[in-house]
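Residue-level structural notes
These are the residues of each chain, in order.
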Amino acid sequence: GQATYTVAPGDTLYSIARRYGTTVEELMRLNGLESFLLQPGQVLKLPSRERTHVVAPGDTLFSLARRYGTTVEALMRLNGLSSPEIKVGQVLRLPEEGEA
């Protein structure tokens, strides 16, 4: 289902975006916000829990699988890859936290 977050005193869009691995722009778009101001108790919709990784120089499926606690096979299946070759700048889907 749709993940939500209840704003606490002192929260900013920036701090919430960082915590959930998204952007201020995405939070504003998702919630139809016109300004950066948040009220404590306000409930914000969060982007889907799908995690992604943008391939950086030196990344391999093996190193990413280790970093994210998954397997090369799972990453290949999730991303429809026929070989473990990945390119810099490619966006890979990652298994959700706790999903092997």
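I will try to describe carefully the structure that is included in this document. Every value quoted in this text rests on a predicted model; they were computed, and no experiment measured them.

Regarding its fold elements, the protein chain presents four helices and four strands. Moving toward the C terminus, one meets the helices and strands of the protein chain in the order β-α-α-β-β-α-α-β. Over its C-alpha trace the protein chain gives a radius of gyration of 16 Å, far above what one expects of a compact globule, namely 13 Å for 100 residues. Along the first, second and third principal axes, the C-alpha atoms of the protein chain reach 45 × 25 × 20 Å. Counting all 100 residues of the protein chain, 33% fall into the buried class. Per element, the accessible surface of the protein chain, about 6,700 Å² overall, is 53% carbon and sulfur.

Moving on to helix α2 (residues 24–31). The α-helix winds at 3.6 residues per turn, so residues separated by three or four positions along the chain end up facing the same way. Within the span of α2, buried status applies to V24, L27, M28 and N31. Seen from one end, α2 has its buried residues packed into an arc of 100°, which puts them on one side. For α2, the exposed residues set more than 90 degrees away from the buried face come down to E25 and R29. Against α1 (13–19) and β2 (43–45) lie the buried residues of α2. Looking at the residues trailing α2, positive phi occurs at G32, about 60°.

Look at any regular strand and the pattern is simple: side chains alternate between the two faces of the sheet. Residues L92 and L94 point to one face of strand β4 (residues 91–94) and are all buried, whereas V91 and R93, pointing to the other face, are not buried. As paired strands, strand β3 (residues 51–54) and β4 are joined by four bridges and run antiparallel to one another. Its bridge partner being in β4, H53 is matched across the sheet by L92.

Take the nonpolar core next. Counting twelve residues, the largest nonpolar core is built from Y5, V7, L13, I16, A17, V24, L27, M28, L33, L38, L44 and L46. Those elements giving two or more residues to this core turn out to be α1 and α2. The next biggest cluster of nonpolar side chains, apart from the first, holds eleven residues, and it includes A65, V72, L75 and I86.

Another point: helix α4 (residues 72–79). Inspection of α4 places V72, A74, L75 and M76 among the buried residues, and these make up the whole buried set. Considering only its buried residues, α4 is in contact with α3 (61–68) and β4. Phi for G80, located one or two positions after α4, is positive at around 60°.

With that settled, consider the pattern of salt bridges. Applying the stated criterion to the full structure yields three salt bridges. With its nearest N and O atoms 3.7 Å apart, the salt bridge here joins D11 to R19. Given the relative accessible area of 16%, D11 is considered buried. In this structure, the salt-bridge partner of R29 is E26, at a minimum N-O distance of 2.9 Å. Here the residue R29 and the residue E26 both occupy positions in helix α2, the gap between them amounting to three residues, near one helical turn. According to the relative accessible area criterion, E26 is partly exposed, its value standing at 23%.

Cut-offs applied
- Residues numbered from 1 in each chain as written.
- Predicted model: local features only at pLDDT ≥ 70, side-chain atom pairs only at ≥ 80, totals over all residues.
- Heavy atoms only, no water.
- Helix = DSSP H or I, 4+ residues; strand = E, 2+ residues; numbered from the N terminus.
- Rg over C-alpha atoms; globule rule 2.2 N^0.38 Å.
- Buried < 20%, exposed > 50% of the residue type's maximum accessible area, 1.4 Å probe, protein only.
- Areas by Shrake-Rupley, 256 points an atom, 1.4 Å probe, with all protein chains shown as cover.
- Arc of directions from axis to C-beta.
- Contact = heavy atoms within 4.5 Å.
- Pairing = 2+ DSSP bridges.
- Core = buried A, V, L, I, M, F, W, Y, C linked by side-chain atoms within 4.5 Å.
- Salt bridge = Lys/Arg side-chain N within 4 Å of Asp/Glu carboxyl O.

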